[in-house]
Amino acid sequence: MSLRSAALVGNPNAGKSALFNALTGARQKIANYPGVTVERKAGRLVLPGGEAIELTDLPGSYGLHATSPDEEVTRKVIMGEFPGEPAPQVLVIVLDASNLEQHLVFAQEVIALGRPCVIALNMVDLAERDGLTIDPAALQEALGVPVIATVAVRRRGLTELAAAIAAAEERAAEHHRPHTTLTERRVTAHAIAEAAIVSETARHRLHAKLDRLFLHPWAGPLILFALLFVVFQAVFTWATPFADALEGGIGWLTAQVRALMPESLLRDLITDGVLSGVGAVVVFLPQIVILFFFILAMEASGYMARAAFLMDRMMAGVGLSGRSFIPLLSSFACAIPGIMATRSITDPKDRLTTILIAPLMTCSARLPVYAVIIAAFIPNRSVLGPVGLQGLVLLGLYVFGIIAAMVVALVLRRSVTKGAASGFIMELPKYQMPHPKDLLIGLWQRAWIFLRRAGTIIFMVTVVLWLLLNFPRAAPGEDQVDASIAGHLANGLAVVVEPIGFNRDIALSLIPAMAAREVAVSSLATSYAVSAGDDEAAQAQQLGDRLKASWSLPTALAFLAWFVFAPQCMSTIAVTRRETNGWRWPIFMLIYLFALAYVFAGLTYWTAVWLGLG
């Protein structure tokens, strides 16, 4: 029988995608499986004899007993049960050589089907680097199917693997293992790993000791909190000179424009709108870069997965599974990919709860808002030795957001999304030193995303706001903001937010902030720039100085509390509508988040006033 198709199967993080890319090159097509939001990747593999076959990269799975939409698609394709998707003639089981025993559990289940199989023992170079030596011949003898050692990213073993795929059907049904229980497969996996001469070195034993420390039920959370503490101290301490330099540069550029251009609306648009508004956001690029440096380093080192393991216990306490941690972790960058990542959660109530609390994770767009208020109102002094008060407050805001999300999840799971939490299987990657090139690429991508938002969404909203602030023109002696369209809108909204300590300028910043959180900063900068008019002293003031002169400390603290809870950008709402197939849950999200923002901002303001803070 001529070979027409093959499929790559295996656990998540086995290197299937890298192997698929190496085998098919540019001969790929990507789409979703019909009826489900699971990606289908297929490509053309040319065998040694010249025959071209279709190779499919199936979603990662831990077993044929599906617990998620991804695993269900993999099971149906393997078994030939997916409509319009014939069963592949050969199954290429991809194993991570550095985590062999874990991956052999699923491999045995696939081999037991009696289908033509080939083992791709992938990432053998990383296994050797970590002190593991595996004998492919011994592993082949133990499993009864061909085993080919591969390094996908270096294209090692690809020719041998293609030849094994071509010859696989001839060996079919020669080695058929009976179905076994999960416990039996684990015992067998251990025995097979022993038979393959998997040896370990002192380095590998060191990794095991690190896991015993980082995953300790008491020491682990303390280490995690200490790392987060260092991160947020660094966000302020390390970023200050760079942020000051950017702020000074924008101030110098603004002064040059004022000196070179005659007084006109165009000059005011450039200085008060673009430079004051967009520039007020751009100065926080150093904080964004430093924050993501730590996040990317923890991910690349393998520590972030350990943090997920530690958080799984807390997630279970509020009715969620560990599957919710990765989407929520993604939401610290942006809630949009976080909400989309909930597709991997099999339980619908669990998934809906995760979507609804994702906006409470402190996304990177909040950082400029937090940073400008903290820098203006929290003294830049040390407490308890080298510990900075500003970094401590920033850490507190992030922790407050996480606690709020967990409390909301607990309430939701006991009311509108009531149901039992689903199980969770998580694979811990090996420890490794982050590669400098990968870190630089990741930081550049994050910085570019931030600057692109500043140059598109924030720029457009700021220009529109400037126009609304400048028309109609004020009569002589009249305040321009009060006379403008934006001023009239803000005065109306100010009546609603005045009880929680907000003034007209804050009310004005809340509306455009729905386009992007950072716009709240540019809106305040633009508003104060327009208010300054021809007052050179006021024009020279930085945003932080203007805020400190115009706001009380209780108002500033209430503003921070508002942004812990307030709904994120409209794009987040749109993605929520798409992922929940309607407007019911996005509207529910908006209502409950605005309600929490109003209540906690008010509580913060009146508590601060009662304590005599300003």
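Residues numbered from 1 in each chain as written. Predicted model: local features only at pLDDT ≥ 70, side-chain atom pairs only at ≥ 80, totals over all residues. Heavy atoms only, no water.

Colleague: Help me understand the overall build of the chain in this model?
Modeller: Regarding its fold elements, the chain presents 29 helices and nine strands. For the chain, with 614 residues in total, the buried portion stands at 52%. With an accessible surface of roughly 27,100 Å², the chain has 64% of that area assigned to carbon and sulfur atoms. (Helix = DSSP H or I, 4+ residues; strand = E, 2+ residues; numbered from the N terminus. Buried < 20%, exposed > 50% of the residue type's maximum accessible area, 1.4 Å probe, protein only. Areas by Shrake-Rupley, 256 points an atom, 1.4 Å probe, with all protein chains shown as cover.)

Colleague: Looking at this structure, how should I read the environment of Asp244?
Modeller: With respect to the helices and strands, Asp244 occurs in helix α10 (residues 240–260). When the C-alpha positions of Asp244 and Phe284 are compared, they lie 9.6 Å apart, and in sequence the two are 40 residues distant.

Colleague: Please explain helix α22 (residues 485–497) as it appears in this structure.
Modeller: Residues spaced three or four apart along an α-helix face the same direction, because each turn holds 3.6 residues. With 13 residues, α22 should reach 18 Å at 1.5 Å per residue; the first-to-last C-alpha distance of 19 Å fits that figure. Buried within α22 we find Ala486, Gly487, Ala490, Ala494 and Val497. Looking at the buried residues of α22, the elements they touch are α20 (457–470), α21 (480–483), α23 (504–510) and α29 (584–610). (Expected span 1.5 Å × (residues − 1). Contact = heavy atoms within 4.5 Å.)

Colleague: Where do I start with unusual backbone geometry in this structure?
Modeller: Peptide bonds are, in most cases, trans, and in most cases residues other than glycine have a negative phi. Cis geometry is adopted by the peptide bond preceding Pro472, which originates at Phe471 and carries an omega value of -5 degrees. On the secondary structure map, Pro472 appears in the loop between α20 and α21. A positive phi is found at Met123, a non-glycine position, where the angle reads about 60 degrees. Here Met123 is to be found in the loop between β6 (117–122) and α4 (124–129). On the accessibility criterion, Met123 (17% relative accessible area) is buried. Even without being a glycine, Asn581 presents a positive backbone phi close to 60 degrees.

Colleague: What is the right way to look at a nonpolar patch on the surface in this model?
Modeller: Together, Val464, Leu468, Ile485, Leu489 and Ile511 give the surface a local cluster of nonpolar side chains, amounting to about 410 Å² of exposed area. Taken together, the elements giving at least two residues each to the nonpolar patch come down to α20 and α22. Considering the arrangement of structural elements, one finds Leu489 in helix α22. Among the residues examined, Leu489 registers a relative accessible area of 51% and is labelled exposed. (Patch = residues over 30% accessible without salt bridge, like charges linked within 9 Å, V, L, I, M, F, W, Y side chains within 5 Å. Salt bridge = Lys/Arg side-chain N within 4 Å of Asp/Glu carboxyl O.)

Colleague: Got a minute to help me understand the pattern of salt bridges in this structure?
Modeller: Opposite charge on two side chains permits pairing when their charged atoms draw close. The final tally for this structure, using the stated rule, is twelve salt bridges. A salt bridge links Arg75 to Glu81, with the nearest nitrogen and oxygen atoms 3.1 Å apart. A relative accessible area of 44% places Glu81 in the partly exposed class. A cluster of three or more residues bridged by salt bridges with shared partners is formed by Glu72, Arg75, Lys76 and Glu81.

Colleague: Please clarify how the side chain of Asp272 should be interpreted in this entry.
Modeller: Counting through the fold element by element, Asp272 comes out in helix α11 (residues 265–282). Among the polar contacts made by the side chain of Asp272, one reaches the side chain of Arg258 at a distance of 2.8 Å. Side chain to side chain, Asp272 and Thr271 meet in a polar contact 3.4 Å long. Each residue touching Asp272, except ones within four places of it in the same chain, is listed here: Arg258, Gly277, Trp466, Thr526, Ala529 and Val530. (Polar contact = N/O pair within 3.5 Å; in protein donor to acceptor, adjacent residues only side chain to side chain.)

Colleague: Explanation requested: the packing of aromatic side chains in the structure shown.
Modeller: Under the defined criterion, the tally for this structure stands at 19 aromatic pairs. For the ring pair Phe214 and Tyr303, a centre distance of 5.4 Å and an interplane angle of 80 degrees mean the geometry is edge-to-face. Of this pair, Phe214 sits in helix α8 (residues 202–214) while Tyr303 sits in helix α13 (residues 303–317); the two residues are 89 residues apart in sequence, bridging distant segments of the chain. Note on accessibility: Phe214 and Tyr303 belong to one class, buried. Lying over the aromatic face of Tyr431, Arg306 brings its terminal NZ or CZ to 4.0 Å of the ring centre. (Phe/Tyr/Trp six-rings, centres within 6.5 Å; stacked < 30°, edge-to-face > 60°. Lys NZ or Arg CZ within 6 Å of the ring centre and 35° of its normal.)

Colleague: Sorry, what's going on with the pairing of strand β3 (residues 39–46) here?
Modeller: Each regular strand shows side chains that alternate between the opposite faces of the sheet. Summarising the sheet, β3 and strand β4 (residues 52–57) pair through six bridges and their orientation is antiparallel. Bridging from a neighbouring strand, Leu45 pairs with Ile53 of β4. Hairpin connection of β3 to β4: five residues between the antiparallel strands, including Gly50 at a positive phi of 100 degrees. (Pairing = 2+ DSSP bridges.)

Colleague: Which parts of the structure should I look at to understand the packing of helix α12 (residues 285–301) against helix α19 (residues 436–455)?
Modeller: Axis angle and axis distance: for two packed helices, these are the angle between their axes and the distance between the axes, and together they describe the pair. Axis separation between α12 and α19 bottoms out at 9 Å; the angle between their running directions is 140 degrees. Taken together, the axis directions place α12 and α19 in an arrangement best described as oblique. The two elements α12 and α19 meet at a crossing, and its hand is right-handed. Packed against α12, whose contacting residues are Leu285, Ile288, Val289, Phe292, Phe293, Leu296 and Ala297, the element α19 presents Leu439, Gly442, Leu443, Arg446, Ala447, Phe450 and Leu451 at the interface. Within the contact of α12 with α19, the residues separate by chemical class into twelve nonpolar, one polar and one charged. (Axes fitted to C-alpha atoms, helices over the stretch in contact; angles between N-to-C directions. Parallel < 35°, antiparallel > 145°, perpendicular 65-115°, else oblique. Left-handed = near helix turned anticlockwise from the far one by under 90°. Nonpolar A, V, L, I, M, F, W, Y, C, P; charged D, E, K, R; others polar.)

Colleague: I would appreciate a short explanation of the nonpolar core in the present structure.
Modeller: Considering soluble globular proteins, one finds that nonpolar side chains tend to be buried as a cluster. Counting residues in each nonpolar core, the largest one holds 113 residues, and the members touching the most others are Ile357, Phe502, Trp551 and Phe559. Counting residues per element, this core draws most heavily on helix α18 (residues 389–413), which supplies eleven residues. In contact with Ile357, other than residues within four places in its own chain, are Leu320, Leu328, Ala405, Met406, Val408, Ala409, Leu412 and Tyr592. One finds Leu91, Ile93, Ile111 and Leu132 within the second-largest nonpolar core, a separate group that totals 30 residues. (Core = buried A, V, L, I, M, F, W, Y, C linked by side-chain atoms within 4.5 Å.)

Colleague: Quick question: what am I supposed to make of helix α5 (residues 136–143) here?
Modeller: Listed in full, the buried residues belonging to α5 are Ala138, Leu139 and Leu143. On an axial view of α5, the arc spanned by its buried residues comes to 125 degrees, and they lie on one face. For α5, the exposed residues lying more than 90 degrees away from the buried face are Ala137 and Glu141. You can read the cap of α5 off the contacts: a side-chain oxygen lies 3.1 Å from the backbone nitrogen of Ala137, and it is on Asp135. Taken from the residues just after α5, Gly144 is the one with a positive phi, measuring 80 degrees. (Arc of directions from axis to C-beta.)

Colleague: I keep staring at the pairing of β4 and nothing clicks. Help me out?
Modeller: Note: strand β1 (residues 5–9) against β4, four bridges, orientation parallel. Bridge assignment links Leu8 to a residue of β4, and that residue is Asp57.

Colleague: Please clarify how the environment of Leu389 should be interpreted in this entry.
Modeller: Along the chain, Leu389 falls in helix α18. Judged by its relative accessible area of 17%, Leu389 is buried. Residues Leu389 and Gln233 lie 156 residues apart in sequence; the distance between their C-alpha atoms is 8.6 Å. With sequence-adjacent residues up to four places away left out, Leu389 is seen in contact with Ile378, Pro379, Arg381 and Val383.

Colleague: What is the right way to look at the packing of helix α17 (residues 366–377) against helix α26 (residues 543–550) in this model?
Modeller: Their axes nearest at 9 Å, the elements α17 and α26 cross at an angle of 65 degrees. The handedness of the crossing between α17 and α26 is right-handed. Side by side, α17 and α26 meet where Val372, Ile373, Ala376 and Phe377 of the first sit next to Leu543, Gly544, Leu547 and Lys548 of the second. Residues belonging to the contact of α17 with α26 are distributed by class as follows: six nonpolar, one polar and one charged.

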